[in-house]
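A look at the structure
One-letter residues, chain by chain:
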Amino acid sequence: MVRFENVGLRYGMGSEILRDLNFAIEPQSFQFLTGPSGAGKTTLLRLILLSLKPTRGLITLFNRDVTTLNKDEITGLRRRIGVVFQDFRLLDHLTTYENVALPLRVQGRDEVNYRGEVVELLRWVGLGERMHVLPPVLSGGEKQRAAIARALIVRPELLLADEPTGNVDPGLARRLLRLFIELHKSGTSVVIATHDLALMDQFDGARRLVLGDRRLHVYD
Amino acid sequence: MSALSDTPNPRSDPQTVDSASIELKRNMPLVPAESIAGRALVTVIAIMTFLASLTAGAAFLIAGASQDWRSALGREMTIQVRPAPGRDLDAEVKKAAAIAGASAGIADVRIFAKEESERLLEPWLGKGLDLSELPVPRLIVVRRNADQNLDISALRDALEAVPGASLDDHHLWLERLAAMADTIVIAALVIFLLVLVAMTLAVAFATRGAMAGNRGIVDVLHFVGAEDRFIAGQFQMHFLRLGLRGGLLGGGSAILVFLSAGLLSRFWLATPGGDQIEAFFGSFALGPKGYGAIFVIAVGIAVLTGLMSRSIVFRHLQSLH
């Protein structure tokens, strides 16, 4: 699904901030991406999401060499990936419902065709009563769930979540993890970037990708 | 999959689905509609459209008035018979009038009496002067038949039979009038184009500002799988709406100005100033064509605003890749 071979990244003429990355994310797999703050977890997720280009090495995404992709193909691949940002990135002028429906709307689908689907997912993440309010009114946990729902609405093959439990209490963090595990069981590959060791200890079936010294170490 | 355990389960209350569906706001513009920059741009577009519409309307009025002057002058010609010692001026005037009257394409010939010719000199010489000793030329006003062609050079040749007679078809005066009117219309066109260029630059800056201000939205749209043309289309719709508001505001104001000017000119019609204004601009009546042109300008500016912002956004997005 995702394969990195000798990938390195540097900004400008500086030294490499990530080097010699070699790993693969298999279909229907679950992995935690961890490491100290500033180790490059978000940067690595951005490389997978094709919002950054590596300065060397080869990235293969859904069996496609990303250097050969044109804009439309990149958009097509992004539609197969769900992403949960650390800072949620909800659009403040749209309701929770519209935010969650956004990935379907940008695909040009008619609203009447996906309305039921979005409402059902909002209920599933516990936002059934909050679907018509604007994000500034939502609590941190509600925003987090709305962001997760937006990532899930397209039934992605790969879910990337950047510190999805960073803004919630331990109880909600556990419930969110259960949600990701259920998603994984339904066939989605999940990558959760986190430095919460307690969270990782709650799921033994996950691989651990540990970033340190600008390199990635894989623990199966 | 199960719902998060501490959350209410709306499935237990079927009515919640319908009420929530009804209250939902859907398909709101992805680029926020209201912003200070947006209101400023609407104001700029309104002012520019107002100026462009005034310029175009003035050009319409002057072009129409100039057409009126030309057709009025073109319908008439003047035969001047200069007096000379030892000649019967009255007889020569009648002879010249007869020659003119006999020509094809002449509808009417009127001889100005000696007193009428002398009265024409009053603005320069004053009233009450005895002009009988002065060799005042006599005038014959010839009105052309609009339905028939007139051979002016043949008439001029025929009038050579009358010593001292000359034909003035107002050719020079018409050319000067036409040149003046054309100059004004061209100047109006140049001003109109300058206004358009200024507006285009304002829209370009506003679009770039909007792109910078909504960078976060553009990023999110990219990450959720939006194509560049979708994002550009959203910005186009945003600016088209702003352009329509500004355009209709400016164009509507210009139409109000012309309607008010038309009403005021009717009140001033009998005054010397009103007569002068009417001579220059006509009756301030733009007519359906003029008002239609202002409407087209307003809508055209809105469309131009939308298309231009789309192009700028598209180029910006391509540069991001």
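Residues numbered from 1 in each chain as written. Chains lettered and ligands numbered in written order. Predicted model: local features only at pLDDT ≥ 70, side-chain atom pairs only at ≥ 80, totals over all residues. Heavy atoms only, no water.

**Quick word on the nonpolar core**
Under the convention used in this document: Here, nonpolar core refers to any group of buried Ala, Val, Leu, Ile, Met, Phe, Trp, Tyr and Cys residues whose side-chain atoms link them within 4.5 Å. Three labels apply to residues, based on accessible area from a 1.4 Å probe with only protein chains included: buried if under 20% of the type maximum, exposed if over 50%, partly exposed otherwise in between. Every helix listed is a DSSP run of H or I at least four residues long, and every strand listed is a run of E at least two residues long, numbered separately from the N terminus. Contacts were defined at the residue level, with two residues in contact if any of their heavy atoms lie within 4.5 Å.
Counting 43 residues, the largest nonpolar core has Phe30, Phe32, Val118 and Phe180 of chain A as its most contacted members. It is helix 6 (residues 170-185) of chain A that contributes the most residues to this core, eight residues altogether. The contact partners of Phe30 of chain A, leaving out residues within four places of it in the chain, are Leu177, Phe180, Ile181, His184, Val190, Ile192, Phe203, Gly205, Ala206 and Arg207 of chain A. Counting 37 residues, the second largest nonpolar core, distinct from the first, contains Leu102 of chain A together with Ala56, Val203 and Val220 of chain B.

**Here we look at the pairing of strand 4 (residues 56-61) of chain A**
Residue and element names in this part refer to chain A. The condition is simple: DSSP-based pairing: two strands are paired if at least 2 bridges between them are found.
Looking at chain direction, strand 1 (residues 2-10) and strand 4 are connected through five bridges and run antiparallel. Opposite Val2, over in strand 4, you have Leu61 as the bridge partner. Taken together, the two bridges between strand 4 and strand 5 (residues 64-65) define a ladder with antiparallel strand orientation. Bridge pairing in strand 5 places Thr60 opposite Asp65. What sits between strand 4 and strand 5 in their antiparallel hairpin is a turn of two residues, with Phe62 showing a positive phi close to 50 degrees.

**A look at a nonpolar patch on the surface**
What counts here: Patch membership requires more than 30% relative accessible area and the absence of a salt bridge. Residues of like charge join within 9 Å; the nonpolar side chains Val, Leu, Ile, Met, Phe, Trp and Tyr join within 5 Å. Computed with the Shrake-Rupley method and a 1.4 Å probe, the accessible areas treat only the protein chains shown as cover for residues. The working definition used for a salt bridge is a side-chain nitrogen of Lys or Arg within 4 Å of a carboxyl oxygen of Asp or Glu.
Together, Trp124, Leu125, Leu129 and Leu134 of chain B give the surface a local cluster of nonpolar side chains, amounting to about 470 Å² of exposed area. Among the secondary structure elements, Leu134 of chain B is positioned in the loop between helix 5 (122-125) and strand 3 (138-144).

**Remarks on the pattern of salt bridges**
All names here are of chain A. The final tally for this structure, using the stated rule, is 19 salt bridges over all chains. Here Arg3 makes a salt bridge to Glu26, at a shortest N to O gap of 4.0 Å. Of this pair, Arg3 sits in strand 1 while Glu26 sits in the loop between strand 2 (16-25) and strand 3 (30-34), placing them 23 residues apart in sequence. Among the charged side chains, a network of salt bridges with common partners joins Glu16, Arg19, Asp20, Arg56 and Arg215.

**Topic: the sheet that holds strand 10 (residues 215-219) of chain A**
Residues and elements named next belong to chain A. Formally: For helices, the axis comes from a line fit to the C-alpha atoms of the stretch in contact; other axes are also lines fit to C-alpha atoms, and the angle between any two N-to-C directions lies between 0 and 180 degrees.
The mixed open sheet is built from six strands, whose spatial order is 6-7-8-3-9-10. Taken across any chain shown, the strands that pair with only one partner, and hence form the sheet edges, are strand 6 (81-84) and strand 10. Here the strands of the sheet are splayed against their neighbours by 15 degrees on average, with no regard to which way each runs. Two strands pair when backbone bridges link them, and strand 6 and strand 7 (residues 158-162) are joined in this way by four bridges, in the parallel orientation. Its bridge partner being in strand 7, Val83 is matched across the sheet by Leu160.

**Thoughts on helix 2 (residues 71-78) of chain A**
How we decide: What the arc measures is the spread of directions leading from the helix axis to the C-beta atoms. Between N or O atoms, a polar contact is any pair within 3.5 Å; within protein, one atom must be a potential hydrogen donor and the other a potential acceptor, and residues adjacent in sequence are included only when both atoms are from side chains.
Of all the positions in helix 2 of chain A, only Ile74, Thr75, Leu77 and Arg78 of chain A are classed as buried. Projected onto a plane normal to the axis of helix 2 of chain A, the buried residues spread over an arc of 165 degrees and lie on a single side. Lining the buried residues of helix 2 of chain A we find strand 4 and strand 6 of chain A together with helix 8 (215-223) of chain B. The backbone nitrogen of Asp72 of chain A lies 3.1 Å from a side-chain oxygen of the residue at the head of helix 2 of chain A, namely Asn70 of chain A.

**What to know about unusual backbone geometry**
All names here are of chain A. In this structure, Asn6 takes a positive phi of about 55 degrees despite not being glycine. When you line up the elements, Asn6 lands in strand 1. Under the relative-accessibility criterion, Asn6 is labelled partly exposed at 42%.

**Notes on the layout of surface pockets**
Where we set the bar: As defined here, a cavity is a set of points on a 1 Å grid over the protein atoms alone where a 1.4 Å probe fits but cannot get out. A pocket is an open set with protein on both sides within 12 Å along at least five of seven lines, and residues line them when an atom is within 4 Å of a point. Grid points are joined across faces, edges and corners, and a volume is the space filled by probe spheres set on the points. Each residue is assigned to one class: nonpolar for Ala, Val, Leu, Ile, Met, Phe, Trp, Tyr, Cys and Pro, charged for Asp, Glu, Lys and Arg, and polar for all the others, Gly among them.
Looking at the largest pocket, its volume works out to about 790 Å³. Along the walls of the largest pocket sit 32 residues, with Leu50, Ser51, Leu52 and Arg78 of chain A together with Phe223 of chain B positioned nearest its centre. Those elements that place two or more of their residues in the lining of the largest pocket are helix 1 (41-48), strand 4, helix 2 and strand 7 of chain A together with helix 8 of chain B. A class-by-class count of the residues in the lining of the largest pocket yields 15 nonpolar, eight polar and nine charged.

**Notes on the packing of aromatic side chains**
The condition that has to hold: Only centres within 6.5 Å qualify two rings of Phe, Tyr or Trp (six-membered ring in Trp) as a pair; their planes then separate them into stacked at under 30 degrees, edge-to-face at over 60, and tilted for everything else.
The full count for this structure, using the stated rule, is four aromatic pairs over all chains. With a centroid separation of 5.2 Å and 50 degrees between ring planes, the pair formed by Phe85 of chain A and Phe223 of chain B is classed as tilted. Pair noted here: Phe85 of chain A is in the loop between strand 6 and helix 3 (96-105) and Phe223 of chain B is in helix 8, and the two residues belong to different chains. Among the aromatic side chains, those forming a connected cluster through ring pairs are Phe30, Phe32 and Phe203 of chain A.

**Overview of the environment of Thr67 of chain A**
Residue and element names in this part refer to chain A. Looking at the secondary structure, you find Thr67 in the loop between strand 5 and helix 2. A relative accessible area of 63% places Thr67 in the exposed class. Spatially, the C-alpha atoms of Thr67 and Arg105 are 28 Å apart, while their sequence positions differ by 38 residues. Looking at Thr67, its side chain comes within polar contact range of the side chain of Asp65, at 2.8 Å.

**Focus: empty space enclosed by the protein**
Counted according to the given criterion, the structure contains two cavities of 30 Å³ or more. The computed volume of the largest cavity comes to approximately 90 Å³. If you trace the largest cavity, you find it lined by Arg78, Arg79, Ile81, Gly82, Val83, Phe85, Pro103, Arg150, Ala151 and Val154 of chain A together with Phe223 and Val224 of chain B. Elements represented by at least two residues in the lining of the largest cavity include exactly strand 6 and helix 5 (140-152) of chain A. The leading source of residues in the lining of the largest cavity is strand 6 of chain A, at three residues. Partitioned by chemical class, the residues of the lining of the largest cavity number eight nonpolar, one polar and three charged.

**A look at the sheet that holds strand 1 of chain A**
Residues and elements named next belong to chain A. What the four strands build is an open sheet, ordered 2-1-4-5; its pairing is antiparallel. Only two strands of the sheet have a single neighbouring strand rather than two, namely strand 2 and strand 5. Sheet strands in contact with helix 1 are strand 1, strand 2 and strand 4, and its direction is about 60 degrees off that of strand 2.

**Let's talk about the environment of His132 of chain A**
Positionally, His132 of chain A belongs in the loop between helix 4 (111-124) and helix 5. For the pair His132 of chain A and Thr95 of chain A, spaced 37 residues apart in sequence, the C-alpha to C-alpha distance is 5.2 Å.

**Points about helix 3 of chain A**
Counting buried residues in helix 3 of chain A gives ten out of ten residues, a clear majority hidden from the surface. Here helix 3 of chain A has its buried residues at Thr96, Tyr97, Glu98, Asn99, Val100, Ala101, Leu102, Pro103, Leu104 and Arg105 of chain A. Residues of helix 3 of chain A that are buried in the fold lie against helix 4 and helix 5 of chain A together with helix 8 and helix 9 (228-267) of chain B.

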